[in-house]
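Each chain, letter by letter, is given below.
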Amino acid sequence: MAHYCRNRLLMALASDDREAIVALCEPVALKLKQVIETSDEAIEHVYFLESGLISVIAQSEPQRLVEVGLIGNEGMTGMGIVLGDDLAVNRCIVQGMGQALRLAPAALRGAMEASPALRPVFLRFVQSFLAQASQTALSNGRASLEERLARWILMSSDRMESLELILTHDFLSVMLGVRRPGVTVALHILEGQGLIRASRNHIAILDRAGLLLIADGSYGVSEAQYARLFPPLRQAA
């Protein structure tokens, strides 16, 4: 029985190419806190997410780490394979449980060699992810804590396709690059304005338009880049 594909990057491929890739994949469950990639170690599998959320984390020391990007059902892990490398640059951890299609790096290389049309599509996603990472660096350096939190909530909601987010304060502190007390303060500010409802390990979005205002331009630039690079896909969504 054919697998109904819910990964938006794969849906951007020509039908023959998409079917060829899906045939090489195995459906897998993504477990909370599952490590998908470890920096400077070989990429074991490439994942095309169909649901769930993966956090891409830069790390130089055990306690010196910060999130540089998010991947959901719009994309893929294992971008180094597309670029011709075997090693992961960053750490990838599942922060939202879901489902994915995964395949071995060798299988993806073989598919790209068999169909030259595949790599350019995957490279467009790499470009969109670089745009996201650039905006994350800008946000971390110039935006206020509340702006950064609003941006992250919006980005996570996009990828989870939900107004309900399950997460921990520890993860939020990594995402924002601040200590847990700072996370608590930022959550209380957004909650006090009626934008979210926050409880332990849970955030409910009450006012998305209000979060957009709080984000103050830190959300939207990389999203526009993705829409430009994948216009039919975004319109269909």
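Structure first, text after, so check above.
Residues numbered from 1 in each chain as written. Predicted model: local features only at pLDDT ≥ 70, side-chain atom pairs only at ≥ 80, totals over all residues. Heavy atoms only, no water.

1. A short note on the nonpolar core
Grouped together as the largest cluster of nonpolar side chains are 40 residues, with contacts concentrated most on L10, I21, F48, M76, L108, F122 and F125. With 6 residues, helix α5 (residues 118-142) is the single largest residue contributor to this core. Those residues in contact with I21 that sit more than four places away from it in its chain are L10, L13, F48, L108, A111 and L118. In terms of nonpolar packing, the next biggest core, distinct from the first, is built from 26 residues, I153, L165, I196 and I205 among them. (Core = buried A, V, L, I, M, F, W, Y, C linked by side-chain atoms within 4.5 Å. Buried < 20%, exposed > 50% of the residue type's maximum accessible area, 1.4 Å probe, protein only. Helix = DSSP H or I, 4+ residues; strand = E, 2+ residues; numbered from the N terminus. Contact = heavy atoms within 4.5 Å.)

2. Let's talk about the packing of α5 against helix α10 (residues 221-229)
Running from N to C, α5 and α10 cross one another at 170°; their axes reach a closest spacing of 8 Å. If you check the angle between α5 and α10, you find them roughly antiparallel. Between α5 and α10, the contacting residues are R124, F125, Q127, S128, A131, Q132 and Q135 on the first element and V221, S222, Q225, Y226, R228 and L229 on the second. Considering only residue class, the contact of α5 with α10 consists of 5 nonpolar, 6 polar and 2 charged. (Axes fitted to C-alpha atoms, helices over the stretch in contact; angles between N-to-C directions. Parallel < 35°, antiparallel > 145°, perpendicular 65-115°, else oblique. Nonpolar A, V, L, I, M, F, W, Y, C, P; charged D, E, K, R; others polar.)

3. Details of the sheet that holds strand β10 (residues 202-205)
Read from one edge to the other, the open sheet built from 3 strands follows the order β8-β10-β9, with strand pairing classed as antiparallel. What marks the edges here is a single partner per strand, and that holds for β8 (164-166) and β9 (196-199). Between one strand axis and the next, the sheet turns by 15° as a mean value, whatever way the strands run. One ladder, built from 3 bridges, connects β8 with β10; its direction is antiparallel. Note on β10: the bridge partner recorded for L165 is I203. (Pairing = 2+ DSSP bridges.)

4. Some details on α10
Every buried residue belonging to α10 is among S222, E223, Y226 and L229, and all of these are buried. The arc enclosing the buried residues of α10, seen along the axis, measures out at 125°, which places them on a common side. (Arc of directions from axis to C-beta.)

5. A look at the pairing of strand β5 (residues 64-71)
Here strand β4 (residues 53-61) runs beside β5; their pairing, made up of 7 bridges, is antiparallel. Note on β5: the bridge partner recorded for I57 is E67. Two successive antiparallel strands, β4 and β5, enclose a turn made up of 2 residues.

Geometry only, nothing functional implied.
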